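Coordinate inspection notes
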Amino acid sequence: MVMEHFDELVTDPTVRLADVESHLATLSGGDELLGGRYRVASTSGSTGRRGLFLWNPGEWATVLASYNRSFDWAGVGAGLTHRTRMAVVSSTTPWHQSARVGASVSSPWVPTLRIDSGDPLESIVERLNSFRPKVLVAYASMAHLLAEEQLAGRLRISPSFVFGSSEVFTAQARRRVQEAWDKKPFEVYAATETAGIASECDQHRGMHLFEDLVITEVVDENNKPVPPGVYGEKVLVTVLFSRTMPLIRYEMSDSVRLASSPRCPCGRPFALIDGIQGRAEDALSLPAASGGYVSVQPIVFHRVMDAVPASGWQVIQGSEGLTVLLSGVREGFEGASLLGPLRRELAAQGAVVPPVEVRRVPNIPRTTVGKAPLIKSYLPASERLGRKP
Ligand SMILES: [Zn+2]
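To start, this report covers the structure provided alongside it. (Residues numbered from 1 in each chain as written. Predicted model: local features only at pLDDT ≥ 70, side-chain atom pairs only at ≥ 80, totals over all residues. Heavy atoms only, no water.)

Next up on the list: helix 4 (residues 97-105). Quick reminder: α-helices carry 3.6 residues per turn. Residues three or four places apart thus point the same way. When helix 4 is considered as a whole, its buried residues turn out to be Gln-97, Ala-99, Arg-100, Val-101 and Gly-102. Residues of helix 4 that are buried make contact with strand 1 (39-42), strand 2 (52-55), helix 3 (57-74), strand 4 (112-116), strand 7 (186-191) and strand 8 (195-200). (Buried < 20%, exposed > 50% of the residue type's maximum accessible area, 1.4 Å probe, protein only. Helix = DSSP H or I, 4+ residues; strand = E, 2+ residues; numbered from the N terminus. Contact = heavy atoms within 4.5 Å.)

Another point: the coordination of the zinc ion. Looking at the zinc ion, one finds its protein donor set to be Cys-201 (SG), His-208 (NE2), Cys-264 (SG) and Cys-266 (SG), positioned 2.1 to 2.3 Å from the metal centre. Within one chain, the residues serving as donors to the zinc ion are arranged as C-x6-H-x55-C-x1-C. With Cys-201 in the loop between strand 8 and strand 9 (207-209) and Cys-266 in the loop between strand 13 (255-258) and strand 14 (272-277), the pair connects residues that are 65 residues apart, well separated along the chain. The exposure class assigned to Cys-201 is buried, which follows from its relative accessible area of 0%. With a relative accessible area of 25%, Cys-266 lands in the partly exposed category. (Donors = N, O, S within 2.8 Å, 3.2 Å for Na, K, Ca; no water.)

What follows concerns the sheet that holds strand 18 (residues 321-327). Sheet strands line up and pair through hydrogen bonds in the backbone, either parallel or antiparallel. If you walk across this open sheet you meet the 4 strands as 19-18-17-20, and the pairing is mixed. Here the strands that pair on one side only, and so sit at the sheet edges, are strand 19 (356-360) and strand 20 (375-377). Averaged over all adjacent pairs, the angle separating strand axes in this sheet is 20 degrees, with direction ignored. Pairing of strand 17 (residues 312-318) with strand 20, which is carried by 3 bridges, proceeds in the parallel orientation. (Pairing = 2+ DSSP bridges. Axes fitted to C-alpha atoms, helices over the stretch in contact; angles between N-to-C directions.)

What follows covers the layout of surface pockets. The space that makes up the second largest pocket amounts to roughly 530 Å³. Residue lining of the second largest pocket: 32 residues in total, with Leu-145, Ser-311, Gly-312, Ser-327 and Arg-366 positioned closest to the centre. Contributing elements (two or more residues each) for the lining of the second largest pocket: helix 5 (121-131), helix 6 (140-151) and strand 17. Counting residues per element, the lining of the second largest pocket draws most heavily on helix 6, at 8 residues. (1 Å grid on protein atoms, 1.4 Å probe; cavity = no way out; pocket = protein on both sides within 12 Å on 5 of 7 lines; lining within 4 Å. Points joined across faces, edges and corners; volume = space filled by probe spheres on them.)

Remark: helix 3 packs on helix 4, axes separated minimally by 11 Å, with the N-to-C direction vectors making an angle of 100 degrees. It follows that helix 3 is roughly perpendicular to helix 4 by the angle criterion. Contacts between helix 3 and helix 4 involve Trp-60, Val-63, Leu-64 and Tyr-67 from the former and Gln-97, Arg-100, Val-101, Ser-104 and Val-105 from the latter. Residue classes in the contact of helix 3 with helix 4 are distributed as 6 nonpolar, 2 polar and 1 charged. (Parallel < 35°, antiparallel > 145°, perpendicular 65-115°, else oblique. Nonpolar A, V, L, I, M, F, W, Y, C, P; charged D, E, K, R; others polar.)

Let us look at the pairing of strand 1. On strand 1, burial covers both faces: Arg-39 and Ala-41 on one face and Val-40 and Ser-42 on the other are all buried. Note that strand 1 and strand 2 share 4 bridges and pair antiparallel. Considered in strand 2, the bridge of Arg-39 is made with Trp-55.

Quick look at empty space enclosed by the protein now. In total, this model carries 1 cavity of 30 Å³ or more according to the counting rule given. Of the voids in this model, the largest cavity is the one considered here, and its volume is about 40 Å³. Along its surface, the largest cavity is lined by Phe-53, Leu-54, Trp-55, Glu-193, Ser-242, Met-245 and Leu-247. Class assignment for the residues of the lining of the largest cavity results in 5 nonpolar, 1 polar and 1 charged.

The next subject is the nonpolar core. The biggest cluster of nonpolar side chains holds 47 residues, and the ones touching the most others in it are Phe-6, Leu-54, Tyr-189, Met-252 and Ile-273. Examining the composition of this core, we find that 4 residues originate from one element, strand 2, more than from any other. Ignoring sequence-local partners within four residues, the contact set of Leu-54 consists of Phe-6, Val-10, Val-15, Leu-34, Tyr-38, Arg-39, Val-40, Glu-59, Thr-244 and Met-245. One finds Leu-326, Leu-346, Ala-351 and Leu-374 within the second-largest nonpolar core, a separate group that totals 27 residues. (Core = buried A, V, L, I, M, F, W, Y, C linked by side-chain atoms within 4.5 Å.)

Along the polypeptide, Asn-222 turns up in the loop between strand 10 (214-219) and strand 11 (234-239). With a relative accessible area of 53%, Asn-222 lands in the exposed category.

Okay, the side chain of Gln-97 next. Mapped onto the elements, Gln-97 comes out in helix 4. Residue class for Gln-97 comes out buried when judged on its relative accessible area of 2%. Of note is the side chain of Gln-97, whose polar atom sits 2.6 Å from the side chain of Tyr-67. Dropping the residues within four chain positions of it, Gln-97 is found in contact with Ala-41, Trp-55, Trp-60, Val-63, Tyr-67, Ala-191, Thr-192 and Ala-195. (Polar contact = N/O pair within 3.5 Å; in protein donor to acceptor, adjacent residues only side chain to side chain.)

In this section: a positive patch on the surface. A cluster of basic side chains, namely Arg-85, Arg-132, Lys-134 and Lys-183, defines a positive patch on the protein surface. Note on placement: Lys-134 falls in the loop between helix 5 and strand 5 (135-139). (Patch = residues over 30% accessible without salt bridge, like charges linked within 9 Å, V, L, I, M, F, W, Y side chains within 5 Å. Areas by Shrake-Rupley, 256 points an atom, 1.4 Å probe, with all protein chains shown as cover. Salt bridge = Lys/Arg side-chain N within 4 Å of Asp/Glu carboxyl O. Lys, Arg positive; Asp, Glu negative; His and termini not counted. Charge placed at Lys NZ, Arg CZ, Asp CG, Glu CD.)

Turning our eyes to something else, we now look at unusual backbone geometry. Positioned with a positive phi, Asp-182 is a non-glycine residue whose angle comes to about 60 degrees. Relative accessible area serves as the criterion here: at 63%, Asp-182 is assigned to the exposed category.

By secondary structure assignment, the location of Met-305 is in helix 8 (residues 298-305). For Met-305, a relative accessible area of 0% translates into the label buried. Spatially, the C-alpha atom of Met-305 lies 9.2 Å from that of Gln-172, the residues being 133 residues apart in sequence. For Met-305, the contacting residues outside a window of four places in its chain are Gln-172, Trp-313, Val-315, Val-324, Leu-326, Leu-338 and Leu-342.

Laid out in structure tokens, this is it:
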């Protein structure tokens, strides 16, 4: 709807979607402005049509501050008086917000190495080894992969801080990061539309919502609030600082859970969320044993898959059934041993268990912005029966 009504929604009448689109196509990785004023970024369009968003200089300053808050809360202390070497392994696609942020904060005080997570792993490892970052920022799946490389002795870095973003940080990924570098990772929750939404403090009790910047409502499918301790179906976000593109109760498909005990020893007043599922993951719709369809939430697969000794995994739903991809599997692990537990979990959900195939692959396929979604349906939307409208 935002894209359909873009010209009406943007509060500067001189801004037209057609101009924003052609500006986006000219981006080459620098700090380019639309009409000398606006920074533009695009979502990857994983949920359908890609979304374009823009910020005036004041709004952009808040976007940068919201990302910086994650570092600040973790105690990184980078800034004018403290040099820090930071490596960011994410998307270097010029229209991606993280690339736009990178281009506008490039500073001699915080030397930054930016690596595309779609690059061959060997080359990523080599560049990190020669850069020796003190702060490592990566998509959660990439942080896990790099931890495995460190534990295998190929990667030899000693970051003081590890940040994981944009994807589900599985319990296993967290454990391996801690084993690799003896540091608890910090999870960051952000989106193009909102910039930073929530971030961990050094108590690691979950992520504090940035309630002064974004109102995040955890709701069910009817937009009714769900209580703490329960996963919502989606979130509604209201961005308090954006005026160029007002977003009020804008729907995002992330399924998050407010912490049951909202107080954190750090004393910050912001509420905590202690779980995210379904970020860039699909709830799969399967025929139900009792007729109709049942929606299988990502957490069902996490229960089985998070214990698998592999550096990466992905569950794919196609028209033939489910395919489980595994990469970097530790020696002696039999992929077939997953079949029983997966079938049991699916049956317990009331699903007619589809054919399941487990395959080893050298790498988990990544999307155009370099993410590796854990659970993905490749059924056309029209065939995802049972999905809520
Ligand atoms: Zn805290």
